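Breakdown of the fold
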Amino acid sequence: MMIRLYRPALFSLLVVTGLALSGCDYWPPALQAEIEQLRSEVQTSNMEKTQLQSQLNDLARSKQDLQARVDELDRMNREKTGMISSLQHEVGVLRAKAVKAAAPKVPAKAAAKPAAKSAPKSTAKKKAPLKRM
């Protein structure tokens, strides 16, 4: 299909080549116009290609900059996660110390005596209740 689209251009090119080889300097005006049109299209395509290449280079630089930023943020995130973990551990230790400090202090001897006297024994005999008649 591409051959059909460029068939007139190819034919013109063959005619021009044939004329150039035969030594004829005659160029028909239609052929000259077509050659100029093709040259301008090639030049336009080259300019567009240069612009697109420039945009591609800019995007590649932007991608590299953003990737470096993502890597930096990832590193900072890992550091902050480690710091948070460490601080949570310290908070747990401090809470345990605070609970121990808030508990009432009981000496060891005093704590042992009430445990021994938990069930007092009565040595006195109880009198039997009086019966009424």
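All of these numbers come straight from a predicted model, not from anything done at the bench. (Residues numbered from 1 in each chain as written. Predicted model: local features only at pLDDT ≥ 70, side-chain atom pairs only at ≥ 80, totals over all residues. Heavy atoms only, no water.)

With that settled, consider the overall build of the protein. What the protein contains, in helices and strands, is four helices and zero strands. If you list the helices and strands of the protein from N to C, you get α-α-α-α. A buried classification covers 2% of the 133 residues belonging to the protein. For the protein, the exposed area adds up to about 13200 Å²; of that, 62% sits on carbon and sulfur atoms. (Helix = DSSP H or I, 4+ residues; strand = E, 2+ residues; numbered from the N terminus. Buried < 20%, exposed > 50% of the residue type's maximum accessible area, 1.4 Å probe, protein only. Areas by Shrake-Rupley, 256 points an atom, 1.4 Å probe, with all protein chains shown as cover.)

Turning our attention to the pattern of salt bridges. Side chains that carry opposite charge are capable of pairing whenever their charged atoms lie near each other. The tally for this structure, following the rule as stated, stands at five salt bridges. Salt-bridge contacts for Arg78 lead to Asp74; the nearest nitrogen and oxygen are separated by 2.8 Å. Taken together, the positions of Arg78 and Asp74, both in helix H3 (residues 29-102) and four residues apart, correspond to about one turn of that helix. Residue Arg78 is classed as exposed on the basis of its relative accessible area of 51%. Put simply, Arg75 and Glu79 hold a salt bridge, and the shortest N to O gap is 2.4 Å. You can see Arg75 and its partner Glu79 sitting in helix H3, four residues apart, about one turn around the helix. Residue classification places Glu79 among the partly exposed positions, given a relative accessible area of 41%. (Salt bridge = Lys/Arg side-chain N within 4 Å of Asp/Glu carboxyl O.)

The subject of this paragraph is the confidence of the model for the protein. Per-residue pLDDT for the protein has a mean of 80; in total, 60% of the residues score no lower than 70. Considering each helix and strand of the protein separately, the mean pLDDT is smallest for helix H1 (residues 2-5), with a value of 50, and largest for H3, with 96. (pLDDT = per-residue confidence, 0-100.)

A relative accessible area of 34% means that Arg75 is categorised as partly exposed. Reaching out from Arg75, the side chain makes a polar contact with the side chain of Glu72 at a distance of 2.5 Å. (Polar contact = N/O pair within 3.5 Å; in protein donor to acceptor, adjacent residues only side chain to side chain.)

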